[in-house]
Amino acid sequence: MMMLHRCVAWYAAACRLLDRLQPLFALAARIYLARVFLLAGLTKLRDWDVTLLLFTEEYHVPLLPPGVAAVAGTVTELFFPVLLLFGLGGRVAALVLFVFNTVAVISYPGLEAVEIKDHVLWGVLLMYLVVHGTGTWSLSRWVGRGSTSR
């Protein structure tokens, strides 16, 4: 019986430690994801003619003409990662980027398996932030003090 009590106590202590690490994990995920999407947006800006060509020839975004899709994609990749990075409206930013990531996979049939794995990782991390919030180390936490959009 004493062994069981020790195991339960050890488990509870491990859970408390993991709970304390949640803000660090959320921040690390936000930094990683913001970097991924911001760099993609900056690449699109660097050579707009190539971006338009890709949206015309390679990416087949449903319901949007290529020019509109190129602008919408670039704006999404430049604006929402900044919100996510700072954790300002982080759950909304993560949800928008999750949908954007999903559309990217659907719109580009030429993705290799290793590239799809990257998109799956990004999707899982984004959904984690949607469900659990961006953590206590975020601007939303400081601005809203206890708001649900942490």
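Above this text sits the structure in question.
Since the structure is predicted, the reported quantities are computational estimates derived from the model, not experimental observations. (Residues numbered from 1 in each chain as written. Predicted model: local features only at pLDDT ≥ 70, side-chain atom pairs only at ≥ 80, totals over all residues. Heavy atoms only, no water.)

Draft legend 1. Representation of the packing of aromatic side chains in the model. Throughout the structure, instances matching the rule amount to 6 aromatic pairs. Relative to tyrosine 108, the ring of tyrosine 59 lies with its centre 5.2 Å away and its plane at 90 degrees, an arrangement referred to as edge-to-face. Taken together, the residues span a long stretch of sequence, with tyrosine 59 in the loop between helix H2 (48-57) and helix H3 (66-86) and tyrosine 108 in the loop between helix H4 (90-107) and helix H5 (113-132) at a distance of 49 residues. Here the aromatic residues Phe37, Phe100 and Trp122 are joined through ring pairs into a cluster of three or more. (Phe/Tyr/Trp six-rings, centres within 6.5 Å; stacked < 30°, edge-to-face > 60°. Helix = DSSP H or I, 4+ residues; strand = E, 2+ residues; numbered from the N terminus.)

Draft legend 2. Examining the packing of helix H1 (residues 2-46) against H5 more closely. Packing of H1 against H5 brings their axes to within 10 Å, and their N-to-C directions diverge by 130 degrees. Relative to H5, the element H1 is oriented oblique. Crossing of H1 against H5: the hand is left-handed. Residue-level contacts link Gln22, Phe25, Ala26, Ala29, Arg30, Tyr32, Leu33, Val36 and Phe37 of H1 to Leu121, Trp122, Leu125, Leu126, Tyr128, Leu129 and His132 of H5. Split by residue class, the contact of H1 with H5 holds 13 nonpolar, 2 polar and 1 charged. (Axes fitted to C-alpha atoms, helices over the stretch in contact; angles between N-to-C directions. Parallel < 35°, antiparallel > 145°, perpendicular 65-115°, else oblique. Left-handed = near helix turned anticlockwise from the far one by under 90°. Contact = heavy atoms within 4.5 Å. Nonpolar A, V, L, I, M, F, W, Y, C, P; charged D, E, K, R; others polar.)

Draft legend 3. Focus on the environment of serine 107. Looking at the element boundaries, serine 107 is found in helix H4. Spatially, the C-alpha atoms of serine 107 and valine 61 are 4.9 Å apart, while their sequence positions differ by 46 residues. Those residues in contact with serine 107, other than ones at most four positions away along the chain, are Glu58, Tyr59, His60, Val61 and Pro62.

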